[in-house]
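# Coordinate inspection notes
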Amino acid sequence: MPDRSIKERLKSGEKILSSWVYGLHPVIGEIMAIAGFPALLIDQEHGPVEMESIHLLMVAAQAHGAHAMVRVPSHDPNHVKRLLDLGVQTVMFPMVGSVAEADAVVAACLYPPHGRRGLATGGIRASRYGTDKDYISTYRERQLIMAQIETLSGLEQAEAIAGTEGIDLIFVGPNDLAATMGFIGQRDHPKVREAIDHIVAVTKKQGKLLGTVPTEQRNAKSLFADGFDLVISGSDVGLLREAAAAHYQAQKPGK
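These figures come from a predicted structure and were not determined experimentally.

## Observations regarding the overall build of the chain
A tally of regular secondary structure across the chain gives twelve helices and eight strands. For 255 residues, the compact-globule estimate of 2.2 N^0.38 gives 18 Å, and the C-alpha radius of gyration of the chain, at 18 Å, lies within 12% of that figure. Projected onto its principal axes, the C-alpha coordinates of the chain cover approximately 70 × 40 × 30 Å. With 26 positive and 29 negative side-chain charges, the chain shows a spacing of 3 Å between the two charge centroids.

## A look at the nonpolar core
Soluble globular proteins tend to bury their nonpolar side chains together. Membership of the largest hydrophobic core comes to 60 residues, with the highest contact counts inside it found for Ile42, Ile54, Phe93, Ile167, Ile170, Ile199 and Phe228. Tallying contributions element by element places helix 10 (residues 190-205) first for this core, with six residues. Each residue touching isoleucine 42, except ones within four places of it in the same chain, is listed here: Val21, Val49, Ile54, Leu57, Ala68, Met69, Val70 and Arg71. If you look at the next biggest cluster of nonpolar residues, it comprises 16 residues, including Leu10, Leu41, Met69 and Leu230.

## With respect to helix 5 (residues 99-109)
Since the α-helix packs 3.6 residues into each turn, any two residues three or four apart lie on the same face. Here helix 5 has its buried residues at Ala102, Val105, Val106, Ala107, Ala108 and Cys109. In this structure, the buried residues of helix 5 make contact with helix 4 (77-86), strand 4 (90-93), helix 6 (135-142), strand 5 (144-149) and helix 8 (158-162).

## As for the pairing of strand 1 (residues 16-21)
Buried residues dominate strand 1, accounting for five of its six residues. Two elements, strand 1 and strand 8 (residues 230-235), share four bridges in a ladder whose sense is parallel. Bridge assignment links serine 18 to a residue of strand 8, and that residue is isoleucine 232. Across four bridges, the pairing between strand 1 and strand 2 (residues 39-43) is parallel. By the bridge assignment for strand 2, serine 19 is matched with leucine 40. This β-α-β element, strand 1 to helix 2 (residues 26-35) to strand 2, shows right-handed connectivity.

## Some words on the packing of aromatic side chains
Within the structure shown, the criterion is met by four aromatic pairs. Between tyrosine 111 and tyrosine 135 the ring centres are 6.5 Å apart and the planes differ by 80°, which places this aromatic pair in the edge-to-face class. Here tyrosine 111 is found in the loop between helix 5 and helix 6, whereas its partner tyrosine 135 is found in helix 6, with 24 residues between them in sequence. Considered together, tyrosine 111 and tyrosine 135 belong to a single accessibility category, that of buried residues. Both rings, one in tyrosine 135 and one in tyrosine 139, keep their centres 5.8 Å apart while their planes meet at 35°; by these two values the pair is tilted. Residue tyrosine 135 and its partner tyrosine 139 are located together in helix 6, separated by four residues, close to a single helical turn. For the pair tyrosine 135 and tyrosine 139, a shared accessibility class is recorded, and that class is buried.

## What to know about the environment of proline 73
Summarising the element assignment, proline 73 is placed in the loop between strand 3 (67-71) and helix 4. Look at proline 73 and you get partly exposed, because its relative accessible area is 39%. As for proline 73 and proline 94, which are separated by 21 residues in sequence, their C-alpha atoms are 7.4 Å apart. Here proline 73 is in contact with Gln44, Glu45, His79 and Pro94, once residues within four sequence places are set aside.

## Re unusual backbone geometry
For the peptide bond that leads from proline 112 to proline 113, omega is 10°, which places it in the cis range. With respect to the helices and strands, proline 113 occurs in the loop between helix 5 and helix 6. A positive phi angle is found at methionine 95, which is not glycine, with a value near 50°. Mapped onto the secondary structure, methionine 95 falls in the loop between strand 4 and helix 5. Classification of methionine 95 by relative accessible area gives partly exposed; the value is 37%. Positioned with a positive phi, tyrosine 129 is a non-glycine residue whose angle comes to about 55°. You can see tyrosine 129 is positioned in the loop between helix 5 and helix 6.

Basis of the calculations
Residues numbered from 1 in each chain as written. Predicted model: local features only at pLDDT ≥ 70, side-chain atom pairs only at ≥ 80, totals over all residues. Heavy atoms only, no water. Helix = DSSP H or I, 4+ residues; strand = E, 2+ residues; numbered from the N terminus. Rg over C-alpha atoms; globule rule 2.2 N^0.38 Å. Lys, Arg positive; Asp, Glu negative; His and termini not counted. Charge placed at Lys NZ, Arg CZ, Asp CG, Glu CD. Core = buried A, V, L, I, M, F, W, Y, C linked by side-chain atoms within 4.5 Å. Buried < 20%, exposed > 50% of the residue type's maximum accessible area, 1.4 Å probe, protein only. Contact = heavy atoms within 4.5 Å. Pairing = 2+ DSSP bridges. Right-handed = clockwise from strand over helix to strand, strands pointing away. Phe/Tyr/Trp six-rings, centres within 6.5 Å; stacked < 30°, edge-to-face > 60°.

What follows is the structure in structure tokens.
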């Protein structure tokens, strides 16, 4: 397990570049970690990855010093509980569109009296199978709760969502945000950019961390320069696709 959590690193002012992971094999986690990524975001919202595969990907990534984060497919607290018990410290919740939804995802991650997470610390990986006696009193120091704002309702309530106690990071989703604004596929449309700038401003006003993905006009370096703390750039699928296509085109027999 890496010494410091992603939350602790971000809170100390460090900028984090991550990548999406859709693959099912732990070798992918190893390769991405060896490449230098300090964190990998395993995508359950759009990817086929299930709990056992997440476990193996986590172990593989952590063996090479990288953290495994997870985007959940929904706000189901029972699913979230299983991921947290597995040892996932950073959870991304898609399409958080209201304060009520923000409160609910926080509650899914916290133990009573602050939340509704079930207690079974004696046998879960998160507590080192019961050997970490301080887990209950310290887990929140390492746990990062990310809320994605990517809908019109989320945009309208962005400041209140960012101000919700327990939400650590607001993650701007330009793809779905552009689509819900009527500009599908136009992530850099001026009105979409204006909306994103608004989310950034109110999130900073609330003192919360910021994350997003690159677009055609804004790469990871420019996003870091603009104040984002976490940028998720590229994916295992995309990198393999591009490398495979480039290799084939370079090596295929000529006429």
